[in-house]
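# Working through the structure, step by step
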Amino acid sequence: MINLLVYFRKVCVHMGNVILFTNTFLSYLLLLVIIVVIAGVGVFIGIKMRKNKDSKMETAQASDGTKSGS
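Residues numbered from 1 in each chain as written. Predicted model: local features only at pLDDT ≥ 70, side-chain atom pairs only at ≥ 80, totals over all residues. Heavy atoms only, no water.

Together, Phe21, Phe25, Leu26, Leu29, Leu32, Val33, Val36, Val37, Val41, Phe44, Ile45 and Met49 make up an exposed nonpolar region whose accessible area comes to about 1,200 Å². Looking at the secondary structure, you find Phe44 in helix α1 (residues 2-69). Residue class for Phe44 comes out exposed when judged on its relative accessible area of 57%. (Patch = residues over 30% accessible without salt bridge, like charges linked within 9 Å, V, L, I, M, F, W, Y side chains within 5 Å. Areas by Shrake-Rupley, 256 points an atom, 1.4 Å probe, with all protein chains shown as cover. Salt bridge = Lys/Arg side-chain N within 4 Å of Asp/Glu carboxyl O. Helix = DSSP H or I, 4+ residues; strand = E, 2+ residues; numbered from the N terminus. Buried < 20%, exposed > 50% of the residue type's maximum accessible area, 1.4 Å probe, protein only.)

Dropping the structure here:
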């Protein structure tokens, strides 16, 4: 009977370690996902701002070209 209790105690301690490891792993995985999402949003905003700037520059160059050509 005592051997059985010792076995169950070891199993419970082992399961506790597995649960702690899983919680830590999922925590870091969630942190990774959050960082990737923030980086993706930053890249999207950067690309959008650059395209907007390029279109403004093209518009400005086109209007300068028509004024000096006439």
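There's plenty left to go through after this.
This part takes up the pattern of salt bridges. This structure, assessed with the given rule, holds one salt bridge. As a salt-bridge pair, Arg50 and Asp54 come within 3.3 Å of each other at their nearest N and O atoms. Here the residue Arg50 and the residue Asp54 both occupy positions in helix α1, the gap between them amounting to four residues, near one helical turn.

Right, let's talk about the packing of aromatic side chains for a bit. A ring pair, where both rings are aromatic, is described by two values, the distance of the centres and the angle of the planes. Following the criterion strictly, the structure yields one aromatic pair and no others. With a centroid separation of 6.3 Å and an interplanar angle of 20°, the aromatic rings of Phe21 and Phe25 are classed as stacked. Of this pair, Phe21 and Phe25 both sit in helix α1, four residues apart, which is roughly one turn of that helix. When its relative accessible area of 58% is taken as the criterion, Phe21 is described as exposed. Under the relative-accessibility criterion, Phe25 is labelled partly exposed at 49%. (Phe/Tyr/Trp six-rings, centres within 6.5 Å; stacked < 30°, edge-to-face > 60°.)

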